[in-house]
Amino acid sequence: MKTLWQHCHVATMAQGRYSIIEDAAMVTAGSLIEWIGPRSQAPTGDYAQVHDLQGAWVTPGLIDCHTHTVFGGNRSGEFEQRLEGVSYADIAAKGGGIASTVRATRAATEDELFASAEKRLRSLLRDGVTTVEIKSGYGLDLANERKMLRVARRLGEALPVSVRATCLAAHALPPEYKDRADAYIEHICTEMLPALAAEGLVDAVDAFCEYLAFSPEQVERVFKVAQQLGLPVKLHAEQLSSLHGSSLAARYQALSADHLEFMTEDDAIAMAAAGTVAVLLPGAFYFLRETQLPPMEALRKHGVKIAIASDLNPGTSPALSVRLMLNMACTLFRMTPEEALAGATQHAATALGMGDTHGSLEVGKVADFVAWQIDRPADLAYWLGGELDKRVVRHGVDVTV
Ligand code: DI6
Ligand code: FE
């Protein structure tokens, strides 16, 4: 079944550039793009449907390539306490911080986690997202990590969005392993990852490489097992200090290294050589009032692909809009609106290992796109959130919510 979409301009985002086609048309056949180009050259044919996009700007569907959408409770109470002067250390000593989200996530049923995550995910979808990555990492034992990953899979079945599920068991040390980080890593490697992978719940493996989380040596043990299981890896690296986790990630051909405020030029060289995408997370930078900027110059100079994501999580980035992240990437990191949009389309797809099928509007790729009623593509990074008038198409079907 062929469909013609016309009366629009397209920012195809091919090669991570706007790659604009003015007065364009697109032909979709089922879930794929069969033809795209100037309307005057559109193939004539017997179309089952013809859509007038009313002068919209069409872009690829937005891709949020780093989220922790599934979690129990939230930490707005801690946010308020901190602003009233209670220190982070005091909050943590009273069982707050990440530990409180682990408790709430463990206490929640799968259906409860699904219901709360669905609301957050719908916010992202209303903003034009058609693909999202969702991490585990607040369960921290086999049963609870499985519960989180099952919720991620169910969200992808229930909502019009492609979900990639990432196992982040090495996110934090669970209380029952206090002072026994190596033993927890061993448990992840011998029990959790093999079981979760065998159940088909894992598309990629992630870890938090940081002095207050896991060391590069511990992360490498997890990466080795992921490699044996045939799973690609990603890494939270260089968020608070420089441990060169991003270089370690590059050695394992990681899809991405994420955060990166404290990375060095040598890390950028290693990532460029490996094709590892730099996923920058301006929401966490903003929420933590970080002052160390990611090394934009080094990333650009060495040709590292840069993606932008929400990092949606209850502790450091309660961000429900990818477009707001595009704005922050521009204002905080001085990215151009074109770079930012590439970061939430083509480069985000590459950060999920989906770069050949998603992320740009080209013949043979999946027909996931948004027709925005805007004046120019820069509008997507310009408005601070809010709702833009638009139509969202996924797999060739209008799924506007
Ligand atoms: N980096 C972060 O910013 C979050 N996780 C991570 O690895 C924090 C998660 C939380 O505080 O709940
Ligand atoms: Fe994260």
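J.: I'd love a proper account of empty space enclosed by the protein, names of residues and values included.
T.: Under the definition given, this model contains 3 cavities of 30 Å³ or more. In this structure, the largest cavity spans a volume of roughly 40 Å³. Taken together, Gly61, Ile63, Thr130, Thr131, Thr357, His358, Gly359, Ser360, Val366 and Asp368 form the lining of the largest cavity. Residue composition of the lining of the largest cavity, grouped by class: 2 nonpolar, 7 polar and 1 charged.

J.: Explain the site of ligand 1 to me, using residue names and the numbers behind them.
T.: The full set of residues close to ligand 1 is Arg75, Ile98, Tyr138, His171, Phe208, His236, Gln239, His259, Asp311, Asn313, Gly315 and Thr316. Between Arg75 and ligand 1, the recorded distance is 2.7 Å, taken from a side-chain N or O atom to an oxygen atom. Between an oxygen atom of ligand 1 and a side-chain N or O atom of Tyr138, the distance comes to 2.7 Å. When atom positions are compared with the pocket grids, ligand 1 is found to occupy the largest pocket.

J.: Any details on the packing of aromatic side chains? Residues and values, ideally.
T.: Inspection of the entire model under this criterion finds 8 aromatic pairs. Aromatic rings pair up to connect Tyr177, Tyr184 and Phe214 into one cluster. Here the guanidinium or amino end of Arg120 rests over the ring plane of Phe71, the centre of that ring lying 3.6 Å away.

J.: Give me the layout of surface pockets: which residues, what numbers.
T.: Approximately 1200 Å³ is the volume attributed to the largest pocket. Along the walls of the largest pocket sit 43 residues, with Arg75, Tyr88, Gly97, Ile98 and Leu212 positioned nearest its centre. If you list the elements that add at least two residues to the lining of the largest pocket, you get α1 (76-83), α2 (88-93) and α3 (98-107). Within the lining of the largest pocket, the residues separate by chemical class into 23 nonpolar, 12 polar and 8 charged. Taken as a whole, the second largest pocket holds about 230 Å³ of empty space. Every residue lining the second largest pocket is listed: Phe79, Arg82, Leu83, Tyr286, Phe287, Leu288 and Arg289. For the lining of the second largest pocket, the secondary structure elements donating two or more residues are α1 and α10 (282-287). Per-element tally for the lining of the second largest pocket: the top contributor is α1, with 3 residues. Residues of the lining of the second largest pocket, tallied by class, amount to 5 nonpolar, no polar and 2 charged.

Calculation criteria
Residues numbered from 1 in each chain as written. Chains lettered and ligands numbered in written order. Predicted model: local features only at pLDDT ≥ 70, side-chain atom pairs only at ≥ 80, totals over all residues. Heavy atoms only, no water. 1 Å grid on protein atoms, 1.4 Å probe; cavity = no way out; pocket = protein on both sides within 12 Å on 5 of 7 lines; lining within 4 Å. Points joined across faces, edges and corners; volume = space filled by probe spheres on them. Nonpolar A, V, L, I, M, F, W, Y, C, P; charged D, E, K, R; others polar. Near = heavy atom within 4 Å. Polar contact = N/O pair within 3.5 Å; in protein donor to acceptor, adjacent residues only side chain to side chain. Sits in = over half its atoms within 2 Å of the grid points. Phe/Tyr/Trp six-rings, centres within 6.5 Å; stacked < 30°, edge-to-face > 60°. Lys NZ or Arg CZ within 6 Å of the ring centre and 35° of its normal. Helix = DSSP H or I, 4+ residues; strand = E, 2+ residues; numbered from the N terminus.

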